[in-house]
Every structure is written in structure tokens, then in C-alpha cells.
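As a plain string of letters, each chain reads:
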Amino acid sequence: MSPETTRRRRAIFHERQTYRRRRQRDAARLLAVLGVALFAVPLLWERAGTENDAVAMSSAIIYLFTVWGGLILISLWVGMTAARWGQDSDRAAADPGSESD
Amino acid sequence: MASFNLLVAVCLGYVAILFAVAFLADRIAATGRGRWLRSPLIYTLSLSIYCTAWTFYGAVGYAVRSGLEFVTIYLGPTIVMIGWWWGLRKLVRVGRSQRVTSIADLLSSRYGKSNTLAICVTLLAVIGITPYIALQLQSITLSFATFAEADPSRGWADVSSGLWVAGGLAIFAILFGTRNLDANERHHGVVTAIALEAVVKLVALLAVGIFVVWGLAGGIGETMARIDASPIGEWNVDPGRWSAITFLAAAAFVCLPRMFQVMVVEIDNERHLHTAAWAFPLYLFLMSLFVVPIAAIGLDLLPEGTNPDLFVLTLPLSQGREDLAMLSFLGGFSSATSMVIVASMALSTMLSNHIVMPIWLSWTGSAASVSGDVRSVVLLARRVSIVVILALGYFYYMLSGGGAGLAAIGLISFAGVAQMLPPLVGGLYWRGATRTGALAGLGVGAGLWLYTLLLPGLGGFIPDTMLQQGPFGLSWLRPQALFGITGLDPMTHAVMWSMALNALTFVIVSLITLPDPIERLQGAQFVNVFEHSTGLRGWTGYVAQSEDLLIMAQRILGTSDAQTLFQREADRQGARGHLPEPTPDFLERLERNLAGSVGAAAAHAMIAQIVGGASVSVEDLLAVADESAQILEYSSQLEAKSAELSRTARQLRDANDMLTRLSAQKDAFLGQVSHELRTPMTSIRAFSEILRDTEDLSPAETTRYAAIIHDEARRLTRLLDDLLDLNVLESGQVSLNMRAGTLAQVLDHALSSALAGAERKMVVHRRPEMENVPLYSDLDRLAQVFINLASNALKYCDADRPELTIRVQIQDDMLSVDFIDNGRGLTDEAQTLAFEKFYRVSGEKAGGAGLGLAICREIMQRLDGDVTYLPGQGGGAFRVTLPLREGGRGIDAAA
Amino acid sequence: MTGRHVLLIEDEPNIIEAIRFILTREGWKVDSHAHGTGAVEMVQKTDPDLLILDVMLPGRSGMEILRDLRALPEYENLPVLMLTARGQMRDRDMAERAGVSRFMTKPFSNTEVLAAVRDLLAQASRP
């Protein structure tokens, strides 16, 4: 392989990694939104004292804690990848609003 | 039944362990060891002071009363933590780069170091948190009482135990929270003890939960069935409260002074957030996992009328599991103590920095910052503040009678501190936010909070008639139904109105008011913190006397710390002695250090007093205005002299730097010249001595040595010629002999002199049709350059059959002549050095002095052209460029 | 007498020839190396009784070579005569710090070189 192609390969690889990091940061941001949305679902449930059957406490517990646990796992993944974002995270995403992809 | 005495003993033993842990951690941190003290795990655990006794005991009571609504208290912080990339990251960065000591300090710092704002925030925090502290005292005394009831042999007095508990907590907080004034305001001892308490309360709650689910109910399926069958077996959460409390909990999680303390002030490394982002939600998850089972089973098993707030304690007791009850008691005890300790520490910092210190500074009159021992005053102020805060909590507890009214206090507290959210978020993300806006928003929000939530909630402060009909019969001003909005739950109602109007006022007033310069600078620093994390706004005064600064700093940081700081700074500046010059850089660093001890506003004002506040007004600390005026006058007298002196010193320094640089260059040049001259002289001397002293030399040897002497002598002459030539060219004394000719003539002449008589043969490729270019220049000098390049090619081209291609181009009135050989060319390093004097290709032997190309470049620059190395030509390649001149005009240039 | 072997590290061919001539006539065996790189290896290979070292060499300077040699236990006491054409006080100081045995400025007289070589070897062979 000539030096020319090696260099080009590496350049693409680099861009791809940067791209992935940006998407990971997007995921990190979206996580809070996802959390809000999922935790807002119970607002729509039937309550006790209405005409229809209310949602059983056990189902409510299972839903909430499953969502909660899921969010924790995603956050764990984000936290682990964030450790590898390193220094560029400071510049590339200085401000949620200022980052342009 | 376990005796009450045993409980007290266990309790005291536990406190002793906490003391020991805190003490050891402080010791280890002081020696610089113990990296684990600053690990993400400890950080995450310390965040758990969010879970107070209110949540440890109260969550079960809450679940009994309102079902799953209790979980909102944990969902808010979960969302904040998993969304750390949006908010906490920035908050932590700002906190660290500005060295803030509390949330009041942060807001004050953001809004132009305004102490008024800091005072307002502090007062709001004290009003909001005092009942909360009372709640903790209540929970501890209640849990004691529960055990005391089970042990009839003891008399038990609620109130006196409250006093003991409050006193003990005050001592702990004072011992470990105010032992020293750390520039970073970090407390490893307290944080480590809290982390331990976090583990205890989690283990305790999990143990009770596991006991209830598997010990009492008989497994998960069975438990779920009993939950569904219990009075709380159906979803029954008010949607308004669900969203309002989730939001409140999220806001309070960030704004509560104690949370701010552990989350922002005590953080050691921003990366801890990566771990806390999932680990703290996990902690909350585990803390709430067994709440509903305990509540449901408790309702089932315990007699009616048992206080559900204490199910965690009474359920194991009723089953005869005193060991478990004891553990649970320690869990609740941990929750309450850790909260009270950190909250009182955080509040005391705010009280002393923003209220006590400014008053003290103005009260002690002139020259306070250089006469009194500020350091001990700060510590004393904090200790007194801790005592005052706990006393307030205790009296509140006494007055409220420890009744059920306290149970609602947690949320009311949250709603109070949440009022800081608009100025906080606005300050971090919106540069247009102003101090006036923040003050107005806070005022409106806090007022509404008092009117719609705190006062009605306390009972007795607002008459029932006013609640029913509104003040003065104005029904649309009813505290719990503003503007006639009735159907809302009071909590939702209060949160909605106070937060909405707070934010609205904040935004509108910010839009119509103008920030002052410091505010705008600080605004930029906060909002764009990731772009410049280190800088603060600048001090431009050179007028300060370093000695005054040192005296002041000693009072605040302590003698040795201050001297170390100044010495380090002096070393950095390269100054002799111990006092650095008061450069803007240094003043900024000093201010940040002082800010760690006395808060940003006070530190800024103190330095402003001494420095003369060249770029900043001192109005941000009204209380010390008189004093600063005096010092301003003093320093303005110094200004003239001091500024003059420092200007002269700078000029001298610059001149000295330049001389040193020149002298170093001259040294290097002379060393080179010496080497170049002495080397041929060495051979000449050695061989002439051999010829003189050796009698039995063969004729061949004699001839050979004489030839060496001759060669070296010529080399010496050439070197001297070159040196003189270079000297003439460099000094600009050269007179150019301009005349007309063609490029072809010059090249012919140059190539014939360069190649004539050479041992190697070199093929030269030329294109005569391109060379018929008329020139008007110093043709002899030009030929000298060409000769040099051609001889270099001849000398250094390492091909077996050396070839030289001469390529001529004309572009935009510039003539370029390239000399390209078929050798290996120059290495990257050689390319950059080739034109330096005395540079020679390594391994080159007697021949050039390494001045040839330097001379070529000098010549070409005299002729308004240049000679450069042309990389990438497949061989050594030099390009000579030369402008086509007036004198040559009229002849067909393109030929 | 065993000390009859000199290694000369110098990049000027004429100077090598001159010194080789002077010393060979007096019965010394002279090896030479014309480059800074590989000089230490050359010393290890030829194991001379005396080293004559130029300061300004292509590749590595004589100072560096000397420092490297002195760091090796077997060459701690090797006599080293250093030659420089730069002739500045700083070089002499540096050379002394690096552990030179004798320092001479070019151009030198042949008798001086001979005397220095004799001297150094006499010192070295003394117990």
C-alpha cells in the first residue's frame, strides 16, 4: 500500500471517530429529554376514582422502575464513552447551542 | 427488648466512628495522599445528602398518603443527573473556574459581584432551609422516642433530646467544616464521613426492604399481590402534582445550598460527573425500590394509627427484629445528620461571606483589611453562623411543636430554593441576564412563594378569612387561588405562579435594564465558560503595593499560605526577593484565592481597595465604600511614582533582553568563524611543523604535505573572501553594477566557470530558446549565484551520472531560473537550514565554508529577487527569482 | 608498556593525517573515526589506551560522546584529550564538567600533542 493511500485511510477513520463522538454527545443530551418523556407517561394513566379501572400499583411500579433502570444503563454507557471524549469535548461542544455539525 | 441505653451507646459509637473517619480523611488529605478520597465513588456517595431523613423515613409515609407520588422527589434529580451534559457540566466548570463557595457566591459573581444579590439569596436560603433542618431534628427525636416507648424503663423527653441532637450536630459541623479556610473550600473529612453515612442509609433501607419482601411477604410475586390489594393498590397521582414536584425536585437538587456544596464546591474533577451521572440515579433507584412494599406491608401488619413515617423503624420492631430496627435507626440517623451538617456548613459560608463579613468590614472602619486578623474573624463568623442556623432550626422545631405540619415542609423548602433557578439558568446560558432582572425575579418569586405556600402552609400566620376570601375581600388575590384559578392543588398552584412570574419578571427586567461593565464581563465569562475557563476579568492597575497585598492576604489565607503564594508568584515572574509585581495576572490569581475564603464580592472589593480599582468600581460592596475611598486616595498618591518606576523597569528589562539575544547570536557566529578559520590553520601548522622537524621525509611525502598546506591556505583565503563578501552584502555597503544583458549570456558564463576543470563530468540540460531573456541587473553578482548553485550541484549530486537541468519561466514580470539535479536532494532539516551561515551538508570535507548559499541569498535579495529551495523535484533543486526590470523593456521578453 | 593504542575521532581528513603521522612515528598505533555517531561503539570495539576527541563533529558533538563514555564504568578512567577549534571559555568549562582529561585548542603544535599524549598515558599507567 502506498503512503498516499495509508494517509487517506487514516483521515477517513479519524473523521468517522469524530462523527461518532458527536453522535454520542447528541445521545447524552437526548437522554434527559427521553427521561422527561418516559416519566411523563403516567400523567395519561387512569386514576383511581374514575369510571374506568385504574392502573394497578404493581404495573405502575414495574413500568417506572424499568424505565428508570433503562435510563441508568444508557447513562452508564454515556459515562463510559464520555471518558474517551477527552479534551476535544471542551472545544467541540463548548456550548450546546454553538456546536455545529 | 433492646434497652434504650444500648441504642444511645450504639448511636454515640457511630458518631465516634464518623468523627474518626472525618479526622483521618482530613489528615490523609493534608499529607497529599489518599487519591481515593477524591474518587468519583466518594463524590457520588456524597451527593446522597439529597436523601435526608425526610426521604429515608418520610418516603414510606408519603407513599401511604399519596401512592407513587413520592417517587417524583427522586425522578427530578435523576433527570438532572442523566442530563449532566446540558447543565451540571457547565455549572461545575463555572464553579471551579470562578472558585465559587456557594450558590449565593455564584449568583453574586455572575451578576457583577453584587453583594445585594448574595444577601437576598442567602436570606431566601436561610428561610427555606431552617424548617427543613427542624424536620431533621424532629425525625431523630421521633426515632429515639420510638425506641424509648419500646423500653418503658426509661423516661424520655422529646424536646431536650432535640437540644442534644442540635448541639451535637453543631459541634460536628464546626469541627470539620470550619477547621481551616481552604482556598478551594473543600472539606475532605466531612465529605468522607458523609459518603460513609450514605452507605449506611442505603444498606439500612435495603435490609429492611429485603426483610419485608422476602421475610414478611414471601417473595416478589406475593408482595406485588399484597400491594395491589392494599389501600394504595391503584394509581392515584394528581398529574399536576406529578409534574410540579418532579420539576421542583430537579430545581432544588441544583439550587439547594447543601447540594451545591457537595456537587459543585467539593468536586475534585469534572470527570466525576461521568460516573455520578449513572451511579447517583442508581443510588436513588435503590433508595426508592422498597418504599412501596414497606408501605403496603406496614399498612397490612401494623395496628391502625401507627405513624407511617416511622414504618421503616416500627415494622422490624413489631416483628421482634431489633437488630434490623437498630440498623434502620442508624440509617435514618445518618440521613438526618449528614444533611444537617452539610446544610449548616453551606449556609454558614453564605452567611459569613455575604452578611457577617461585609458588616464587620464596614463596622471596623478604615483599613480593616490590613489591620485586623480577617482570617480568624471569618472562621468565627462561620462557627457562629452554624450555631445560629441550628438554633433557628431547633426553635422552629420547638415552636411548631413537632406536629404533622412539618411533614409538608420538605416540599415547601424545595419551592423556596427553586426560586433561584431562573437567575441561575439565565446566568449560565443568557448573556443578557442582568442583576436588576435577577433581583426582581427573585423578589417576585420569593414573595409569591411566601404568600401562596409558606405562610398558608404554616397555619396561623394568615387568617382563614383571608385564605377563603382574599386580602381586603379581593377574591382574585386569594393566596391559594390567584386570579381566580381554583381547581389547582395548592402546591401546583404556588409552584406554577411563583416560577412563571419569577422567570417572566427576570426576563422582562433584564431586557429593559442595562448591565454594568463588570456584569457584562462576568456574563461572558459564565456563558462562554468552555471557551475561556481560566481567565477572569482583568485588573489593570500597576499601582498596588505588593506589600499591602501580602499583609492583607496573610490575614485571610494565613501567614505561611500567603507567603508561599507570593513567593511562587515572584519566582514565576522571575523577580528577585519575595514580592511579585502586581501584574494583572497575579492580581486575578490572588483574587481567586481570596475568593475561596471570603467570597468573590468581598475579595474583589478588598483588592480593589489596595489596587485602587483602576478598572472596577467598588460599589458592589457598599459596606466597605468609606474605607475604600481612603485607600483609593492613598494609592493614587503612590500611583504617579509607582507607575513611573514600573515603566522604567520594563524598558530596562526589554533592552536587556535584546542585548542578551544579540550577544548570543554574536557568540554563535564568532564560534563558527573561529572554527572555520582554525580548522585549516591546524592542518597548515601541523604539516609545516612536520616538514620543518622531520628529516627523513620521502620526496613524495614532502610534495603531498606541501600540497595539503597549499590547499588549506587556499581554503582559508576563500573563507576570508566569503566572510568579507557577506559582511559587505549584509551591511548594505555593496554597490551594484547594473547593466543590460541576456540570461543566456550570464548562464553561459556561469556554467563554463563552474564546470571547467572539474573532476566529475556533469550533463547540463538547457533550453536555449527560453533563455533569450533580456535582463537589467548586476550580471556579475547574478553569475556568482549561478556559479554557486551549479558548483553545489556538481559537488553534492550523488547520482552516478550527474545531470543538471536548467528551467526558465516568466510569470508576472518575474523571471525564475531553476537548477535541478538528479541527486537525492536535501532532507527536510537541510532544506530549512541550507541558507544559514556555516551550514554544511554533514560529512562534507574541506571545501566550502558553508557560506555560499547565505551569500547567494544576500545577493538575490539585494537584486530584489530571492533564491529558495524547491522541494519535490526529484532531486536537489534551487529556484532563483528576479524581477524583469525597466532597462530590459522593449525587447521581446517571451522570445 | 602496554599503552600504545590511540583512537582519534575527528572529521577533518587532513588533521587525521597529521596526527596519525606524528604519533605513528613515535610508535603508536592510531585508529580513526570521522563521525560523531558510532563513536562510542568505535571506542568499545577498538578499546584504545587513549582517546583524542574533536568537539565539533558531524552527527554528535564530542561533549555528548564524552558524557556517554564517562557514564560507562569501564571508561570512567580512559584518558581523553579533547581538541576544539572554537576556542571559547564555555567549551573548556563544559568539557571539564563532562570529565575531560586534557583540553587543547586548535591549531596546536605537534610537540604539544605528543607531550600531552605521553603525559596522559603516564598518569594512567601509574597505580
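Remember, predicted model here, so these are calculated numbers, not experimental data.

**Q** Got a minute to help me understand the overall build of chain C in this structure?
**A** Looking only at helices and strands, chain C features five helices and five strands. Starting at the N terminus, the α and β elements of chain C follow one another as β-α-β-α-β-α-β-α-β-α. Counting every position in chain C, which comprises 127 residues, the buried fraction comes to 55%. Put simply, of all contacts in chain C between residues at least 6 apart along the chain, 61% involve residues at least 24 apart. Within the structure as shown, chain C displays about 5700 Å² of accessible surface, and the carbon and sulfur contribution to it stands at 49%.

**Q** Would you mind showing me how to read the packing of helix 12 (residues 239-255) of chain B against helix 24 (residues 490-512) of chain B here?
**A** Each packed pair of helices is defined by two parameters, the angle between the axes and the distance between the axes. All names here are of chain B. Where helix 12 contacts helix 24, the axes come no closer than 9 Å and their chain directions differ by 50 degrees. The angle between the axes of helix 12 and helix 24 places the two elements in the oblique class. Note that helix 12 runs across helix 24; the crossing there is left-handed. Between helix 12, through Gly240, Arg241, Ala244, Phe247 and Leu248, and helix 24, the contact on the second element is made entirely by Met491, Thr492, Val495 and Met499. Residue composition of the contact of helix 12 with helix 24, by class: six nonpolar, two polar and one charged.

**Q** How do you make sense of the pairing of strand 7 (residues 877-883) of chain B when you look at a structure like this?
**A** Every regular strand shows the same layout, with side chains that alternate between the two sheet faces. Residue and element names in this part refer to chain B. The element strand 7 is extensively covered by neighbouring structure, given that six of its seven residues are classed as buried. Relative to strand 7, strand 5 (residues 814-821) runs antiparallel, the two being bridged by seven bridges. Across the sheet, the residue bridging to Met814 is Pro883, located in strand 7. With four bridges connecting them, strand 6 (residues 866-869) and strand 7 associate as antiparallel partners. Directly across from Val867, in strand 7, lies its bridge partner Val880.

**Q** When you look at the packing of helix 3 (residues 62-71) of chain C against helix 4 (residues 89-98) of chain C in this model, what are you seeing that I'm missing?
**A** Residues and elements named next belong to chain C. The N-to-C vectors of helix 3 and helix 4 enclose an angle of 15 degrees; their axes lie 9 Å apart at closest approach. As far as their axial angle goes, helix 4 and helix 3 are roughly parallel. As helix 3 packs across helix 4, the resulting crossing turns out to be left-handed. Residues Met63, Leu66, Arg67 and Arg70 of helix 3 lie in contact with helix 4, whose contacting residues are Asp91, Met94, Ala95 and Ala98. In terms of residue class, the contact of helix 3 with helix 4 is built from five nonpolar, no polar and three charged.

**Q** Just checking my understanding: could you explain the sheet that holds strand 4 (residues 803-811) of chain B for this structure?
**A** Two pairing modes exist for strands in a sheet, parallel and antiparallel, and in both the strands are linked by backbone hydrogen bonds. All names here are of chain B. The strand order across the open sheet formed by five strands is 2-4-5-7-6, and the pairing between neighbours is mixed. With one partner strand each, in any of the chains shown, strand 2 (763-765) and strand 6 form the two edges of the open sheet. Within this sheet the neighbouring strands show an average axis-to-axis angle of 20 degrees, counted without direction. By the bridge criterion, three bridges tie strand 2 to strand 4 in an arrangement that is parallel. Note that in strand 4 the partner of Val764 across the bridge is Leu804. Relative to the sheet, helix 32 (residues 743-755) contacts strand 2, strand 4 and strand 5, its axis offset from that of strand 4 by approximately 160 degrees.

**Q** Could you clarify how one ought to interpret the confidence of the model for chain A in this entry?
**A** Residues and elements named next belong to chain A. Counting all residues, the mean pLDDT for chain A is 68, and 58% of those residues have values of 70 or more. Per-element averaging of pLDDT across chain A places helix 3 (residues 88-92) at the bottom with 40 and helix 2 (residues 57-85) at the top with 84. Confidence drops under a pLDDT of 50 for residues 1-12, and excluding neighbours within four residues, the segment shows two contacts in the predicted structure. Counting interchain partners and residues more than four positions distant, the pLDDT-below-50 stretch residues 87-101 has 32 contacts.

**Q** How should the interface of chain A and chain B be read in this particular structure?
**A** As a measure of interface size, the accessible area lost when the parts come together is often cited. The interface is formed by 43 residues belonging to chain A together with 43 residues belonging to chain B. Carbon and sulfur atoms supply 71% of the area that chain A and chain B bury against each other, a total of about 3900 Å² over both sides. A per-residue breakdown of the area chain A buries against chain B is headed by Met57(A), Phe65(A) and Trp68(A), which together make up 20% of the total. Residue assignment for the side of chain A that touches chain B shows that the elements contributing at least two residues are helix 1 (3-40), helix 2 and helix 3 of chain A. Looking at the side of chain A that touches chain B, the element that brings in the most residues is helix 2 of chain A, giving 18 residues. Its residues assigned to classes, the side of chain A that touches chain B comprises 30 nonpolar, seven polar and six charged.

**Q** Hey, could you run me through the sheet that holds strand 3 (residues 50-54) of chain C in this one?
**A** Residue and element names in this part refer to chain C. Spatial ordering of the open sheet is given by 2-1-3-4-5, a layout of five strands whose pairing is parallel. Since the sheet does not close on itself, it has two edges, and those belong to strand 2 (29-33) and strand 5 (102-105), each with one partner. Geometrically, the sheet is characterised by an average inter-axis angle of 20 degrees between neighbouring strands, direction not taken into account. Pairing of strand 1 (residues 5-9) with strand 3 involves four bridges; the strand directions are parallel. Directly across from Leu7, in strand 3, lies its bridge partner Leu51. Set on the sheet, helix 1 (residues 13-25) makes contact with strand 1, strand 2, strand 3 and strand 4 (80-84); between it and strand 2 the angle comes to about 165 degrees. In the packing of helix 4 onto the sheet, the strands contacted are strand 4 and strand 5, and the crossing angle to strand 5 comes to about 160 degrees.

Conventions adopted
- Residues numbered from 1 in each chain as written.
- Chains lettered and ligands numbered in written order.
- Predicted model: local features only at pLDDT ≥ 70, side-chain atom pairs only at ≥ 80, totals over all residues.
- Heavy atoms only, no water.
- Helix = DSSP H or I, 4+ residues; strand = E, 2+ residues; numbered from the N terminus.
- Buried < 20%, exposed > 50% of the residue type's maximum accessible area, 1.4 Å probe, protein only.
- Contact = heavy atoms within 4.5 Å.
- Areas by Shrake-Rupley, 256 points an atom, 1.4 Å probe, with all protein chains shown as cover.
- Axes fitted to C-alpha atoms, helices over the stretch in contact; angles between N-to-C directions.
- Parallel < 35°, antiparallel > 145°, perpendicular 65-115°, else oblique.
- Left-handed = near helix turned anticlockwise from the far one by under 90°.
- Nonpolar A, V, L, I, M, F, W, Y, C, P; charged D, E, K, R; others polar.
- Pairing = 2+ DSSP bridges.
- pLDDT = per-residue confidence, 0-100.
- Buried area = accessible area lost by both parts, 1.4 Å probe.

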